[in-house]
Amino acid sequence: MKEVEVKLQFITPCLANNRHDTRDLFDKDKAGNVMMMPSWWKSILEYGASALNKHQDSVKEIRVHPVVDGVPKVYKRYWGNNQYKEHEAFLKDDVIGIKVLIPNTMPYKDLLDIFKLAGPYKGISPYRWDEGYGLFNVVSDYSDFQ
C-alpha cells in the first residue's frame, strides 16, 4: 500500500449534518479537524471504478483517512421566506485535501481518474449528498505523486 494525497474542489456546498439549535456541525476529531467517514468515500470510489470500468476489485482495498484537510465556513440553507438553517460547510470552490492508501498495483493516475469521474455525479456531504450537495472536481495533478 502507498499513501497519496488528493485535492478536491467543491462544485456545490458540502454541508454538516449534526443538528444543533443555531448551526449544524461536522463530526470532528479531538484537535477540531473535520472528519468524513471512510464508508462515504468507499461508495464514491466503487461508483467511479464501475463507471470507469477499471479497478472494481482493487478499489475495495482503498482506505481514506477520516480527517479532512480544510477549514469549514458557514452556509445558510434557505427553505422559505427568510427561513434558513446554518450549517458548517465547505462552500463552492473550497478545496480540501484527503489522504488515501491505495494498493501498490494501482497507479495514482487511476485513483484520480476514479475521483474525477465520480465527483461531479456523486457528492460527499454529510447532509443530503443524494440531493446534490458536496459534488466536487479533482484539482490534484497527475504529477503530484510519483
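Attention here is on the structure that accompanies the text. (Residues numbered from 1 in each chain as written. Predicted model: local features only at pLDDT ≥ 70, side-chain atom pairs only at ≥ 80, totals over all residues. Heavy atoms only, no water.)

### Points about the overall build of the protein
Point 1. When you go through the protein residue by residue, the secondary structure sums to 2 helices and 8 strands.
Point 2. Reading the secondary structure of the protein in the N-to-C direction produces β-β-β-α-β-β-β-β-α-β.
Point 3. A compact globule built from 146 residues should have a C-alpha radius of gyration of about 15 Å, and the protein, at 16 Å, falls within 12% of that.
Point 4. Referenced to the eigenvectors of the C-alpha coordinate spread, the extents of the protein come out at roughly 50 × 30 × 25 Å.
Point 5. Residues classed as buried in the protein amount to 42% of the 146 residues present.
Point 6. Long-range pairs, those at least 24 residues apart, make up 72% of the contacts in the protein between residues at least 6 apart in sequence.
Point 7. Summed over its atoms, the accessible surface of the protein is roughly 8,000 Å², and 47% of this surface lies on carbon and sulfur atoms.
Point 8. Within the protein, the 20 negative side-chain charges are centred at a point lying 2 Å from the centre of the 20 positive side-chain charges. (Helix = DSSP H or I, 4+ residues; strand = E, 2+ residues; numbered from the N terminus. Rg over C-alpha atoms; globule rule 2.2 N^0.38 Å. Buried < 20%, exposed > 50% of the residue type's maximum accessible area, 1.4 Å probe, protein only. Contact = heavy atoms within 4.5 Å. Areas by Shrake-Rupley, 256 points an atom, 1.4 Å probe, with all protein chains shown as cover. Lys, Arg positive; Asp, Glu negative; His and termini not counted. Charge placed at Lys NZ, Arg CZ, Asp CG, Glu CD.)

### Observations regarding a nonpolar patch on the surface
Point 1. On the surface, Tyr47, Leu117 and Tyr121 cluster together into a nonpolar patch covering about 320 Å² of accessible area.
Point 2. When you line up the elements, tyrosine 121 lands in the loop between α2 (108–118) and β8 (136–138). (Patch = residues over 30% accessible without salt bridge, like charges linked within 9 Å, V, L, I, M, F, W, Y side chains within 5 Å. Salt bridge = Lys/Arg side-chain N within 4 Å of Asp/Glu carboxyl O.)

### Quick look at the sheet that holds strand β4 (residues 63–64)
Point 1. Across the sheet, which stays open at both edges, the 4 strands sit in the order β4-β7-β1-β8 with antiparallel pairing between neighbours. Both outer strands of the open sheet, β4 and β8, are each paired with one neighbouring strand and no more.
Point 2. Summarising the sheet, β4 and strand β7 (residues 95–102) pair through 2 bridges and their orientation is antiparallel. The residue of β7 that forms the bridge with arginine 63 is leucine 101. (Pairing = 2+ DSSP bridges.)

### Description of helix α1 (residues 38–52)
Point 1. Compared with an ideal rise of 1.5 Å per residue, which puts 15 residues at 21 Å, α1 spans 21 Å between its outermost C-alpha atoms and is within 8% of the ideal.
Point 2. Taken together, the buried positions of α1 are occupied by Trp41, Ile44, Leu45, Gly48 and Ala49. Seen end-on, α1 carries its buried residues on one side only, within an arc spanning 130°.
Point 3. Looking at the packing, one finds that the buried side of α1 touches β1 (2–10), β4, β7, α2 and β8. (Expected span 1.5 Å × (residues − 1). Arc of directions from axis to C-beta.)

### A short note on the environment of aspartate 24
Point 1. Within the secondary structure, aspartate 24 sits in strand β3 (residues 23–24).
Point 2. For the pair aspartate 24 and alanine 89, spaced 65 residues apart in sequence, the C-alpha to C-alpha distance is 9.1 Å.
Point 3. Not counting chain neighbours up to four residues away, the residues in contact with aspartate 24 comprise Ala16, Asn17, Asn18, Arg19, Lys85, Glu86, His87 and Glu88.
Point 4. A polar contact is formed between the side chain of aspartate 24 and the backbone nitrogen of histidine 20, at a distance of 3.3 Å. (Polar contact = N/O pair within 3.5 Å; in protein donor to acceptor, adjacent residues only side chain to side chain.)

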